[in-house]
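Structural characterization, general
Spelled out, the chains give:
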Amino acid sequence: MSISKYEFLLKNAHLPGEPKRFTDALIASGRFWRNERGLLKFKIADDDYLTIEHRHALKEILASGDALVMSGDDLDVDMAWLWFTSRKFTFPRMNPERPWNPEPPLPVRYVGRTGK
């Protein structure tokens, strides 16, 4: 796992490519994933993931500097959250072999029969 670098400039925040640059920097760190339900996860350690459900969790991750080194102007957490959630389907899947729709259960034999 590496720590990516991202330079945020307020004068470029309105550009259409800026959300892609931000999420690409997060993906390059190798610590952000999407599970089969579409929930975004942050890899803390091997087999230990934090579900990012609120902007406060993203704020704490970005403030810690463990995944992304930010430079330039201060990035507002609301803008980062908007970029993060709007491009969540570009994040790699944790388990691509496991679809969200699991196999249907096997049929139950002799439903309602008791005894012999």
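Now for a quick tour of the structure. Residue numbers run consecutively from 1 along every chain, following the written order of its sequence. Per-residue local features are limited, in this predicted model, to residues with pLDDT of at least 70; the limit for side-chain atom pairs, both in listing and counting, is 80 or more; totals at the level of whole chains, interfaces and linings are taken over all residues. Each side-chain value is derived from all of the structure's non-hydrogen atoms; neither hydrogens nor water enter the calculation.

Some points on the sheet that holds strand β2 (residues 32-34)
For the record, the criterion: Pairing between strands is defined by DSSP: at least two bridges between them are needed. Per the convention used, a helix needs a DSSP run of H or I reaching at least four residues, while a strand needs a run of E reaching at least two, with both numbered from the N terminus. For helices, the axis comes from a line fit to the C-alpha atoms of the stretch in contact; other axes are also lines fit to C-alpha atoms, and the angle between any two N-to-C directions lies between 0 and 180 degrees.
A sheet is described by the order of its strands in space; here three strands give the open sequence β2-β3-β4, paired in antiparallel fashion. The strands lining the two open edges of the sheet, one partner per strand, are β2 and β4 (48-51). Sheet twist, expressed as the average angle between the axes of neighbouring strands with direction ignored, equals 40°.

Looking at the layout of surface pockets
Threshold: With a 1 Å grid spanning the protein atoms alone, the term cavity applies to any set of points in which a 1.4 Å probe fits but cannot get out, the term pocket to an open set with protein on both sides within 12 Å along at least five of seven lines, and the term lining residue to any residue with an atom within 4 Å of a point. Grid points are joined across faces, edges and corners, and a volume is the space filled by probe spheres set on the points. Note that Gly is not counted as nonpolar here; it falls among the polar residues with everything else outside the nonpolar set of Ala, Val, Leu, Ile, Met, Phe, Trp, Tyr, Cys and Pro and the charged set of Asp, Glu, Lys and Arg.
In this structure, the largest pocket encloses a volume near 180 Å³. Considering the residues around the largest pocket, the lining is formed by Lys-59, Leu-62, Ala-63, Met-70, Ser-71, Gly-72, Asp-73, Asp-74, Leu-75, Asp-76, Val-77 and Ala-80. Of all the elements in the fold, those that place two or more residues in the lining of the largest pocket are α2 (55-64), β5 (68-72) and α3 (77-86). Considered class by class, the residues forming the lining of the largest pocket number six nonpolar, two polar and four charged.

Digging into the environment of Ile-61
Counted only if it meets this: Note on classification: 1.4 Å probe, protein chains only; a residue is buried when its accessible area is under 20% of the maximum for its type, exposed when over 50%, partly exposed between these limits. Contact criterion: two residues are considered in contact whenever any of their non-hydrogen atoms come within 4.5 Å of each other.
Inspection of the secondary structure puts Ile-61 in helix α2. Taking the relative accessible area as the measure of exposure, Ile-61 reaches 5% and is therefore buried. Distance in space between the C-alpha atoms of Ile-61 and Phe-42 is 8.5 Å, their sequence separation being 19 residues. Beyond its immediate sequence surroundings of up to four residues, Ile-61 is in contact with Phe-32, Phe-42, Leu-50, Ile-52, Asp-66 and Ala-67.

Spatial relationships are all this shows, so hold off on functional conclusions.
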